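Single-letter residue listing:
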Amino acid sequence: MSKKTSESEKTQDNDYSSGKILRSMNTSPHPLAQKIFIENLELNLGDPQLFPASFQLENETIQLLNSLANYSKNTIFGNFVSGGSEANILGLWAARNTFRKKTGQKTGQIVLPETAHPSLLKGVDLMGCELVQLPVDSSFKAEYDLLDDLDEKNIVAVVGIAGNTIAGVSDPLDQLFKIASEKNLWVHLDAALGGFTYPFLGEEKHLLYGSLEEGKANSMTLDPHKMMSIPIPTGGIIYQNKEMIEEISYPIPYLGKDAISTTITGTRPGAGMKALRAMLTDPNYGWEYYRSVVERCHNDALWLKAELEKRGMKVPIAPETVITVAQLPSGKEETQKLINLLQEKGFMVGSSQGWMRIVVMPHVKHEHLESFLNVLEETTTKMI
Ligand code: 0PR
């Protein structure tokens, strides 16, 4: 590639350090995470015979995460994968195969809130299951009462989202767990955003505390390349226990007796796992460092709500995590026009179902939001 081409490609791409990427759940990798990631480019977690120490470390890192975030008081099982999408597909795959074993039925229904990330729709398609979409209320939360209208004998899995893509809020998980345990349903939680935001916010018994224990979720998506600032690609899938993955465990005999693949990809990068482990165990960083980052992002999302309201925008909910959604009082179409104008000015804000979404990730600093508000004010004044 000529120097010229690579430079022009670079200038066309957006850069997190500009402070203008306000819709991404990804962020700039932390410098320590980046250093450790680069040092581990050879590492393949799909080959435990060649990388026995790292294979062991993967499990230890999953248990470390669990002990810090308290998803379960028991020993859990999990893998580092390519991202939230692969993790969601794995959760549905494990659910579908378990359903097949339990019922002898080939296929059934997967129940998802309307706010589900497209990767879950891909998962339903790949599993050859029927999609049942649940409406959400005015706070973007799923209405699980409607599960009572379905025949539980046909349900493969029900999904709950902890920190949804549109508004960063969580579905009513207590209600979901209650219905699912009465009906004995597999629950998959998509905590790609919430897995590493809720544990840092609120009381000690945060929203996901104990959520991977018996009678609650069977599987849960985590995504360290979002809030944990680990380089892409680093996702995670965790399960209540090892039994959950029995039906998706494939021995790889030519790689030795320990080689049992429980993920979609065979060759699997371990660099992200190493980077996350380094961040969690470094005396200068660790869990409390992440708490300060998440608290700052959450507080800025709350501050932004108030500032947008001062400027006449409608903000339907207080941010639970790091996303602020807003709309112009003149409605969805005008809001979409505003989003387009802001994008022309370089501010990449999110757009979903007529709402403007601002995602306050670690690369978004308070002063970036201040500049954004100035441009927003200028733009809305001209629109009237
Ligand atoms: N689950 C939830 C709740 C998500 O929001 C996302 C992605 C995923 C799963 C899938 O995760 P992976 O992207 O790791 O497979 N959420 C954002 C989205 O697609 C990611 C994103 C990234 C958005 C960059 C915008 C952007 O510029 O909406």
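Rules used in this analysis
Residues numbered from 1 in each chain as written. Predicted model: local features only at pLDDT ≥ 70, side-chain atom pairs only at ≥ 80, totals over all residues. Heavy atoms only, no water. Helix = DSSP H or I, 4+ residues; strand = E, 2+ residues; numbered from the N terminus. Contact = heavy atoms within 4.5 Å. Phe/Tyr/Trp six-rings, centres within 6.5 Å; stacked < 30°, edge-to-face > 60°. Buried < 20%, exposed > 50% of the residue type's maximum accessible area, 1.4 Å probe, protein only. Lys NZ or Arg CZ within 6 Å of the ring centre and 35° of its normal. Expected span 1.5 Å × (residues − 1).

Enquirer: Provide a residue-level description of the side chain of Arg-277, including the pertinent values.
Expert: With respect to the helices, strands and loops of the structure, Arg-277 is situated in helix α7 (residues 271-281). What Arg-277 contacts, discounting residues up to four positions off in sequence, is Leu-57, Glu-60, Thr-61 and Leu-64.

Enquirer: Before we move on, can you summarise the packing of aromatic side chains with the specific residues and values?
Expert: If you walk through the whole model with that rule in mind, you get seven aromatic pairs. An angle of 35° between the planes, with centres 6.4 Å apart, marks the rings of Phe-77 and Tyr-239 as tilted. Of this pair, Phe-77 sits in strand β1 (residues 77-81) while Tyr-239 sits in strand β7 (residues 235-239), and the two are 162 residues apart along the sequence. Judged by relative accessible area, which is 15%, Phe-77 ranks as buried. Classification of Tyr-239 by relative accessible area gives buried; the value is 0%. Relative to Trp-355, the ring of Phe-140 has its centre 5.7 Å away and its plane inclined at 80°; by these criteria the two rings are edge-to-face. Taken together, the residues Phe-140 in the loop between β3 (130-134) and β4 (155-161) and Trp-355 in strand β12 (residues 355-359) connect sequence positions 215 residues apart. Summarising the burial analysis for this pair, Phe-140 and Trp-355 share the class buried. Over the ring of Phe-347 we find Lys-20, and its NZ or CZ is 5.0 Å from the ring centre.

Enquirer: How would you explain helix α3 (residues 52-69) if you had to name every residue and give the values?
Expert: With 18 residues, α3 should reach 26 Å at 1.5 Å per residue; the first-to-last C-alpha distance of 26 Å fits that figure. When we look at burial in α3, the residues that qualify are Ser-54, Leu-57, Glu-58, Thr-61, Ile-62, Leu-65, Asn-66 and Ala-69. Residues of α3 that are buried make contact with β1, β6 (219-222), β7, α7 and α8 (286-310). Positive backbone phi, at 55°, marks Asn-70, one or two positions downstream of α3.

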